[in-house]
Structures are given as structure tokens and as C-alpha cells.
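Chain and residue survey
Here's the letter readout for the chains.
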Amino acid sequence: MSTPAQKFTRSKAYLSGEVSLPSEEQHSELADLLRYHEWRYYVQDDPVLSDKEYDELYKMLEGIEAAHPELISPDSPTQRVGSDLSGDSVSVPHLVPMLSLGNSYNAEDLAEFDKQVKRMLNMEETAPLAYAVEPKYDGGTIVLVYENDQLVRAATRGNGVLGEEMTHNARVIRSIPLSANFSKYGLHRVEVRGEVIIRKDRFEALNAKRKKEGLTLFANPRNTATGGLRMKSPKEVADRQLEAFIYSFGYGVNADGEDAIQAFGTHTKALDVLTELGFKVPATGFERESAPDIVEAASFCRKWEEQREAYAYEIDGMVVKVDDLALQERAGYTSHHPRWAIAYKFAAKQATTTLENVEYQVGKIGTITPVAKTTPVSLAGVMISSVSLHNEDFIRDKDLRLGDKVLLERAGDVIPYIVKPLADLRDGSETPIEWPAVCPVNQTDEPVTLIREEGEAAWRCPNCVCGKQDLARIIFHVSKAAMDIDGMGKRYVELFHARGWMNTIVDVYRLPYEWISVLDGFGNKSAENLKAAVEKAKKQPLWRLLYGFSIHHFGKKATQLVAQNIEHALDLADWTEEQFTNIKDIGPTVAKNVMEWFAIPANVEMIRELEALGVNVRPTDEDRPAAEVTEGPFLGKSMLFTGSLQQMSRKEAQERAKNAGARIVSAVSGKLDILVVGEKPGSKLKKAQALETVRVMTEAEFLAEL
Ligand SMILES: NC(=O)c1ccc[n+]([C@@H]2O[C@H](COP(=O)([O-])OP(=O)(O)OC[C@H]3O[C@@H](n4cnc5c(N)ncnc54)[C@H](O)[C@@H]3O)[C@@H](O)[C@H]2O)c1
Ligand SMILES: [Zn+2]
């Protein structure tokens, strides 16, 4: 008997290859651990390992059994499917056992699977074999039985033989039809299989609501759906707005008890029939595909792996199935999974690890950001050992402690974050995270007390002397959001800073390119490119420069508004609060912060130096978008110019017409109001005259009206 914390630690030890025991002991311990993780996953809906990690432990067990077949017992996790039976509800036998799926992770695995299937079917390796491919929905399995076209029973997968009965809950899931016209196909008694899931946006909304109500949050859409299926009250099930995707027939007989599924010929056809009968089925041409061979099937899997984040539902992979039903029958089953199907698994988005330590970073305006240092763990294909904790409230709200086992998530391009601590794995050795009262970054004799302004989440170091804050500011200054200096970025800023070339924002514009060109990994070409990018950035609009100064509260919107209203950046040094707040959407907080910043002589000096280096400090066209014209002789008229003009270029004429309220169009049509003709007009004039609704003007007349 070991504690949950010990089971966790022991599993991680196996995963990092630290355990070596005689096969028999290892087999029995691994089997125990796997059973524990299955219980957490299927019954508790609260796994403590990622799927990938579970699969690795499972493979270890398989490996031992392959070398020592005598260790295989009927209750080994490799010999049966993980069970979700909790003992709290009624169990009902499935018409046909429900199994698990074998796993694959890439195109090579799929090619290997294709070979094996063909060997089993006595087919040539090069013979064509079609596969049906569809998303592997990440929710809870549901098995529906219909008799005489009526839904009579619903159950979970259970232990594969017995399922947990939950008909009352299935009835409130709207995408599950209460009746369906199976008899049209001679089907008297059928079992269909599917997955109950929740839309991702629905999941987010549910969690937002729970947060407001002070309830614990769901860790992911999967356990929201599986937990939902088990609710005692159908009303609560309905509240979660679960949906069911149906992905196959399990069983189907006619009134004489004879099989009536094989007649469909292919899995694809069977799904078409289920679609027609009103079930929610992966759609052809979108979610599912019938691939002529395994190569095509693999590329469909990869395509979905790439677009996974954009999909409305959570999927943990794809399922590849031999399309021909007769061939499926011939390929058969192991005690664990069908031989004719395989899961293609995507990288797991969640993983667990231990929070070892908290370090602090200082940002461009002195914001102190806590960063969790964790035991390294692989997450969605990347090793993670550092995760931002954002701010003090984040740590408090999640009740994170040093030594906690934590659940991490990394979805798509989103940076990794801590979903929650695994509180029930605590063993009492965890310690609170003490929030620092003084700047943890400044290593000065006189500690700097941190401040937290009202209404803000962040603690700030108001008097940073450690230089880290300057660095953060330069990194922001060159970033895409601000001056957008192509190719510069954090890595270069840190590199140049380490060489002593970049200590202030001004330094960005006077880099020693001749030195840079001889740095490791640089060369003339990249130094030149960098220089060109810096020169280009000197012409950026004024708002970007102001934004790039990292003045607290002076954000993108505010800098844009202010830049329109000045002639030179230094005008702001003389501005009063009133001048700021006269601009719509600029409030006293922005005014106060900008005024304080300009009151510091070094900042004014910096702007002078920047100007001397050729950095633009005046509003550009982008800063001052052409105001909408509200009057003028051509207000609201559509105009077109044709022939060659004598007094001005076509472009200039169009500009002047626009400033006088006209809209420039490109063709003569019933919608054209005025055609201005120069020399040698051509077909446009003829067409306009034929319309009789267009006013034709000479260049001289146009100028006169202007
Ligand atoms: N993290 C953990 O601790 C832990 C523990 C146990 C199991 N697991 C995960 O569960 C897996 C084994 O679970 P399993 O037996 O449920 O198998 P599985 O999830 O690999 O595949 C079978 C299930 O996939 C579902 N599915 C979704 N879409 C499908 C489709 N289009 N066609 C067919 N089936 C579809 C079905 O409901 C079926 O029950 C492991 O590989 C692991 O990833 C994780
Ligand atoms: Zn500091």
C-alpha cells in the first residue's frame, strides 16, 4: 500500500529510467501503477500522468510480457481495457465487447500498422487497402442501444464487457436522437458507439462561470464531459450542454437476429447511413476522409494535427480504420483492441511535474513576475522546466506551494501554464510560497520595497537599479509590438548587452556593426541586414516610438491618440493634464504617468539623442490618418478620370477629388456620377455618354469647381 504521492513519484521514476528490478517484481509493480492510473483517469476523471506517460508505462509492461510471456495474467492491463466502473451505478452487459485502440504517433508507425494488417489478411504489401480516418474525440465513450427504432439504453464503456447504465443522462443530450429510422435498413436491434464531448468554447464559459461562483475549475474538456455523464441529476447534465459524436455501429441485427451491418460494405457507408438517420457523425470532406492507402491516411492525420487548435472540439488524435467491413471482420481483435484500427496520437497538451522553486524576473516597468522552476518534463514535444506564474494573485488563487505536483498545459502557440496543483498528492512536505516584500532582483545594500498600485495585479519595483529593467525595456522597444526591428529580438539584445554595446534605448540606434560582423554566427551579411532593419525602424510612426518607451499605462491606443495631437515628441514635456484629458479616451492616470516620465531630464535628453541619430520624433502619415471629408463640392459623388490630364497627374487629380468629398471608382456603370475627361478619352467616354446619367466634365471644369 503506497500513498498517491508515492505512486506518482514511483511512476515518474520509471519514466525517467531510474528503476531497475527483476522482471517479475517490475511487472507486478508496473501493473499496479497502471491500474492506479486507470482508476484516476476513468473513475476519478482526474489523471496525474499525461496520456503519453501512461502509454510509456504501458509499453514497458508490454515489453516485459514479450520477453516473459509466463508473467501475463488475465488481469494484466495489457489484457483488458481500463475500467470506468465506479460501483455506484447499475452495470449492463454490452451486446459486443468494447475495446481500446492500439497507438501510433507518426507516419512510420502507420506504415508499420499497414504492413501488419496486410500480413494478417494475406495481402501483398503493395496491394491497395483503403482506410477511413476520423478525429479521435477526447471525451467519454457512450454506447447506445436502439430497439424498434427507439433509444432503449445508454451506457459508458465500463470495463469493456459491462458498462455503467446512464440512459437518463443520454436522453438530455440533444444530439442523441431518442428515435431513429433504423428499420428502413432492416435493423431491428442496434448498438451504436460514440464519444460524449463538450465544445471548447462551452468549456471555457462553464469554467468562467464556476470561477465567479468560487467553485473549483474543471481541468480540461475531457473530464468535464466524462464527469458530466456521471451526474446523478439529468438537469446538471443538460446544463453542461454535452454533445455526442457517433463514430460506428457496434452491433446490428434484423428481426430474425441476423447481422445487418456487413451489408453496408464499408465503414464509410455505415457512417453515411448514421448521418442520414439523424446522428451527429464526423462530416465527410471535413472531419473524416476515406483514404485510398495508408500514405494518404497519414497525411490526413498530419493535416488535422496542424489544425487541431482551430477545431471547436478537443481531439487527442485521429483514428485510422480499415474501411472494408468484411476485411475488419477477417482481421479480428486482440483481447485489448481491434487489429484493423489504430489511434494516431497527437502530442499530449497536459503533463504533470513538481514545482521545485520560484524565481523572480523584473519587467520593463518594474513589474515583478514570479517564475516556477519545475522538474523538467516533456510537454507537447518541448522540454519544460520554467513556467510563468504571472503574479501574486495567481499563486494565491491556485493555492500553489513549493514541492507541489502540478498539472501543466501547453496548447498550440500558447505559452505553458499551470492548470492546478494536484492537491491530493500532497504529503505535508510542501511549503507556502512567500511573496517578497522587497525587490528580489535588485542586489543592493538598501532593499527596495515593492509597490502595488490600486486596481493592479502586479507588484512593481519602483526604483530598479539592477539594470534588468532597462534590458526588459530595450527588448520591448525593438519588439514587433513597438519599433518592430526585423531580426533584432531578445537574444540579440542580451548578446549585445553582454558585450556592453546596448545599455540604453539610444544604443539600439548606434550599434557597432563592424564589431557585430565579426561575432560568432554573424558575418557581414547579417550585420548589414541588421543595420538596414535599424535604419528602416528610424522612420517608424511616432506612436511606436512613444509606445517603445514603456511608460506605465501609456499603451498602444493612448500613444496613437496622443501622437495625432502633437508636432514633436518633446511637445509632451510641456503638456498639462488638461491637454491630455482633452483628448477623448485619455484619462488622468495616463496623463500623470506621461507627465512624470517627461519630468525626468534623462528621458528628455534621450529623445534629443534619438532625434540626433535620425530617429523620427514627429507624426507621420500613419500617425495622422486622413480625416474623413465631410464637405466639398463633390461630397458623396462617385468619380472617374479618363484620358491624359494636362495640369496634373492622374494620381494628384484623384487625391484632390477625394479631398473634395468624391469617391473614386474604377469603371463606368450606372453608379458613376461624374466622368472627368482629359485628352484622347477613348471608350469610357462613349460608354458614359450612352448611359445618359453620367455628368461629363473637362479638366478645366473640374479645376474650376474645386
Ligand atoms: N493519463 C492517464 O493516466 C491515463 C490512464 C489511462 C488511460 N489513459 C489514456 O487512455 C488511453 C487508453 O484508453 P482507451 O482504452 O480509452 O483507448 P483510447 O482512448 O486510446 O481509444 C479508445 C477510445 O477512443 C474513443 N474514440 C474517440 N473517437 C473515436 C473514433 N472516431 N473511433 C473510435 N474510437 C474513438 C472511444 O470512445 C474509445 O473508447 C491510453 O492510451 C491513454 O492515452 C491515460
Ligand atoms: Zn530591480
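If you check an unreviewed UniProt entry, the protein chain appears there as DNA ligase from Neolewinella agarilytica. Turning to the protein chain, the UniProt annotation filed under Catalytic activity (unreviewed entry) states: "NAD(+) + (deoxyribonucleotide)n-3'-hydroxyl + 5'-phospho-(deoxyribonucleotide)m = (deoxyribonucleotide)n+m + AMP + beta-nicotinamide D-nucleotide."

Further remarks concern the overall build of the protein chain. Within the protein chain one finds 24 helices and 22 strands. The C-alpha atoms of the protein chain give a radius of gyration of 34 Å, which is well past the 27 Å a tight globule of 706 residues would have. Principal-axis analysis of the C-alpha atoms places the extent of the protein chain at approximately 95 × 85 × 55 Å. Looking at the protein chain as a whole, 35% of its 706 residues qualify as buried. Of all intrachain contacts in the protein chain linking residues separated by at least 6 positions in sequence, the fraction that spans at least 24 positions is 66%.

Take the nonpolar core next. Membership of the largest hydrophobic core comes to 48 residues, with the highest contact counts inside it found for Cys461, Ile474, Val478, Val493, Leu546, Val590 and Val594. Among the secondary structure elements, those contributing two or more residues to this core are helix H13 (468–478), helix H14 (489–498), helix H16 (524–537), helix H17 (542–547), helix H18 (556–563), helix H20 (588–598) and helix H21 (601–612). Mapping this core onto the domain boundaries places at least three of its residues in each of domain 4 (468–537) and domain 5 (542–612). When neighbours within four sequence positions are excluded, Val493 is seen to be in contact with Leu471, Ile474, Ile475, Val478, Met488 and Met502. Judged by nonpolar contacts, the second largest core, of 44 residues, contains Val143, Ile198, Leu206 and Leu271.

This brings us to the environment of Phe476. Along the chain, Phe476 turns up in helix H13. Once the C-alpha coordinates of Phe476 and Asp574 are considered, the two residues, 98 residues apart in sequence, prove to be 26 Å apart. Among all residues touching Phe476, those that are not within four sequence positions of it are Lys364, Ala482, Gly548 and Ser550.

Not every one of the 24 residues close to ligand 1 is listed here, only the nearest: Tyr41, Pro47, Asp51, Ser100 and Thr141. Listed by contribution, the elements that provide at least two residues to the shell around ligand 1 are helix H2 (23–43), helix H3 (51–67) and strand E3 (131–137). Its residues assigned to classes, the shell around ligand 1 comprises 10 nonpolar, six polar and eight charged. Here the shell around ligand 1 spans two domains, since at least three of its residues come from each of domain 1 (4–71) and domain 2 (91–345).

Bringing the pairing of strand E19 (residues 638–642) into the picture now. For E19, a buried count of four out of five residues is recorded, marking the element as mostly surrounded by other parts of the structure. What joins E19 to strand E20 (residues 663–664) is helix H22 (residues 650–659), and the crossover it makes is right-handed. In terms of strand pairing, E19 meets strand E21 (residues 674–677) through four bridges, oriented parallel. Looking at the pairing, Phe641 lines up with Val676 of E21.

Under the present numbering, the feature "domain: BRCT" (unreviewed entry) in UniProt falls on residues 629–706. Along residues 629–706 the backbone is 33% helical and 19% strand, and the end-to-end C-alpha distance reaches 14 Å.

Spatial ordering of the open sheet is given by E2-E11-E10-E3-E9, a layout of five strands whose pairing is mixed. A single partner strand is all that each edge strand has here, and the edge strands are strand E2 (102–104) and strand E9 (289–291). Each adjacent strand pair in this sheet contributes to an overall mean axis angle of 35°, direction not counted. Where E3 and strand E10 (residues 315–322) come together, seven bridges link them in antiparallel fashion. In the sheet register, Glu134 faces E10, and the bridge partner there is Val319. This element, helix H10 (residues 294–307), spans E3, E9, E10 and strand E11 (341–345) of the sheet and lies at about 25° to E3.

Attention now goes to the packing of H2 against H3. Packed helix pairs are characterised by how far apart their axes lie and by the angle those axes make with each other. Between H2 and H3, the shortest axis-to-axis distance is 10 Å and the interhelical angle comes to 145°. Viewed along their axes, H2 and H3 form a crossing whose handedness is left-handed. For the pair H2 and H3, the contacting residues are Ser23, Gln26, His27, Leu30, Ala31, Leu33, Leu34 and His37 in the first and Tyr54, Leu57, Tyr58, Met60, Leu61 and Ile64 in the second. Class assignment for the residues of the contact of H2 with H3 results in 10 nonpolar, four polar and no charged.

The next thing to look at is the domain arrangement of the protein chain. Annotation of the protein chain at the domain level lists domain 1 (4–71), domain 2 (91–345), domain 3 (350–432), domain 4 (468–537), domain 5 (542–612) and domain 6 (638–705). Taking only C-alpha atoms, the centre of domain 2 and the centre of domain 3 are 35 Å apart.

Taken together, the four strands give an open sheet; going across it, the order is E20-E19-E21-E22, and neighbouring strands pair in parallel fashion. Only two strands of the sheet have a single neighbouring strand rather than two, namely E20 and strand E22 (695–698). One ladder, built from two bridges, connects E19 with E20; its direction is parallel. Bridge pairing in E20 places Ser638 opposite Arg663. Each of E19, E21 and E22 touches helix H23 (residues 683–691); the most contacted strand, E21, lies at about 145° to it.

The rules behind each value
- Residues numbered from 1 in each chain as written.
- Chains lettered and ligands numbered in written order.
- Predicted model: local features only at pLDDT ≥ 70, side-chain atom pairs only at ≥ 80, totals over all residues.
- UniProt positions renumbered as here; feature names shortened; annotations may be inferred.
- Helix = DSSP H or I, 4+ residues; strand = E, 2+ residues; numbered from the N terminus.
- Rg over C-alpha atoms; globule rule 2.2 N^0.38 Å.
- Buried ≥ 20, exposed ≤ 12 C-beta atoms within 10 Å, placed from the backbone.
- Contact = placed C-beta atoms within 7 Å.
- Core = buried A, V, L, I, M, F, W, Y, C linked by C-beta atoms within 7 Å.
- Domains from an automatic or database assignment.
- Near = placed C-beta within 6 Å.
- Nonpolar A, V, L, I, M, F, W, Y, C, P; charged D, E, K, R; others polar.
- Right-handed = clockwise from strand over helix to strand, strands pointing away.
- Pairing = 2+ DSSP bridges.
- Axes fitted to C-alpha atoms, helices over the stretch in contact; angles between N-to-C directions.
- Left-handed = near helix turned anticlockwise from the far one by under 90°.

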